Amino acid sequence: MSATADHAEERTNPAARLGFQPGQVVQELGYDDDTEQELREAIEELTGTDLVDEDYDDVADAVVLWFRDDDGDLTDALVDATTMIDSGSPVWLMTPKTGRDGYVEPSDIGEAAQTAGLAQTSSINAGKDWTGSRLVTPKAARSGGKR
């Protein structure tokens, strides 16, 4: 039954779909009035901690970066987002959906992620107006195969 309950939570709790876990510290960048409040609250509820902002000066377990087309240079924003996380930790890039103000082309996301040294691993529906792209820094060099 527990596995079924876990799957049900993943479908109903957007933070669970993003893979967040209790006790994790999640740094939020690019917050504004248009961000998806339900997702923000779900992350805080699931992790049991408040989201931390750009002034946080310790290592976070993940980053949620809200980014709109007119927010500046996406590559720079992604590089900045990786400065306070360990290798392999996710950066969830949240961008407005197609047709919404601030929409970012998927090709722009892919190019910026690659330039910033990140790999896109998945995308999700992050709310009514937002799409999330999971980007990760490479773990250590992968020359020796799996550990």
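Provided above is the structure to which this section pertains.
Within any chain, residue numbers begin from 1 and follow the written order of that chain's sequence. The model is predicted, so local features are restricted to residues of pLDDT at least 70 and side-chain atom pairs to those at 80 or more, both for listing and for counting; the totals for chains, interfaces and linings are taken over all residues. The basis for every side-chain value is the complete set of heavy atoms in the structure, and neither hydrogens nor water enter the calculation.

1. Here we look at the sheet that holds strand 1 (residues 26-29)
Piece 1. Strands qualify as paired when DSSP identifies two bridges or more between them. Strands are runs of DSSP state E lasting at least 2 residues, helices are runs of H or I lasting at least 4, and numbering of each runs from the N terminus. Ordered in space as 1-2-3-5-4, the five strands form an open sheet in which the pairing is mixed. Where the open sheet ends on each side, the last strands, each with one partner, are strand 1 and strand 4 (119-125). Put simply, the sheet's adjacent strands are angled 20° from each other on average, direction ignored.
Piece 2. Across six bridges, strand 4 lies against strand 5 (residues 130-136) in antiparallel orientation. Within the sheet, the bridge partner assigned to A119 lies in strand 5 and is V136. Here an angle of 0 to 180 degrees is reported between the N-to-C directions of two axes, which are lines fitted to C-alpha atoms, with helices fitted over the stretch in contact.

2. A look at helix 5 (residues 106-115)
Piece 1. Only protein chains enter the area calculation, which uses a 1.4 Å probe; residues under 20% of their type maximum are buried, those over 50% are exposed, and those in between are partly exposed. Among the residues making up helix 5, those that are buried are I109, A112 and A113. Along the axis of helix 5, the buried residues cluster in a sector spanning 100°; they form a single face. Counted as exposed and oriented over 90 degrees from the buried face of helix 5: S107, E111, Q114 and T115.
Piece 2. Structurally, helix 5 contributes buried residues whose contacts are with helix 4 (74-81), strand 3 (90-96), strand 4 and strand 5. It is the directions from the helix axis to the C-beta atoms whose arc is reported. The criterion used for residue contact is that any of the two residues' heavy atoms lie within 4.5 Å.

3. Describing the side chain of T75
Piece 1. Within the fold, T75 resides in helix 4.
Piece 2. Of the residues examined, T75 reaches a relative accessible area of 17% and is grouped as buried.
Piece 3. Dropping the residues within four chain positions of it, T75 is found in contact with A112, T115 and A116.

4. Overview of the environment of V63
Piece 1. Secondary-structure assignment places V63 in strand 2 (residues 62-66).
Piece 2. For V63, a relative accessible area of 0% translates into the label buried.
Piece 3. Sequence separation between V63 and L93 is 30 residues, and the spatial gap between their C-alpha atoms is 8.2 Å.
Piece 4. In this structure V63 touches Q27, L29, A81, I85, P90, V91 and W92, once residues within four positions along its chain are discounted.

5. Looking at the packing of aromatic side chains
Piece 1. Any pair of Phe, Tyr and Trp rings, taking the six-membered ring for Trp, is counted once the centres come within 6.5 Å. Such a pair is stacked with planes under 30 degrees apart, edge-to-face with planes over 60 apart, and tilted for the rest. Enumeration over the complete set of coordinates arrives at one aromatic pair.
Piece 2. Centre to centre, the rings of W66 and W130 are 4.9 Å apart; their planes meet at 80°, and the pair counts as edge-to-face. Of the two residues, W66 is situated in strand 2 and W130 in strand 5; the sequence distance between them amounts to 64 residues. For the pair shown, W66 and W130 are each scored as buried.

6. Focus: a negative patch on the surface
Piece 1. Each patch is built from salt-bridge-free residues with over 30% relative accessible area, joining like charges within 9 Å and nonpolar side chains (Val, Leu, Ile, Met, Phe, Trp, Tyr) within 5 Å. Only the protein chains shown count as cover for residues, and all accessible areas are computed by the Shrake-Rupley method using a 1.4 Å probe. A carboxyl oxygen of Asp or Glu within 4 Å of a side-chain nitrogen of Lys or Arg is what we treat as a salt bridge. A residue counts as positive if it is Lys or Arg and as negative if it is Asp or Glu; His and the chain ends are not included. For the purpose of locating charges, the reference atoms are NZ of Lys, CZ of Arg, CG of Asp and CD of Glu. The grouping of D69, D70, D101, E105, D108 and E111 at the surface amounts to a negative patch.
Piece 2. Here E111 lies in helix 5.
Piece 3. Judged by its relative accessible area of 56%, E111 falls in the exposed class.

Geometric values such as these leave the question of function open.
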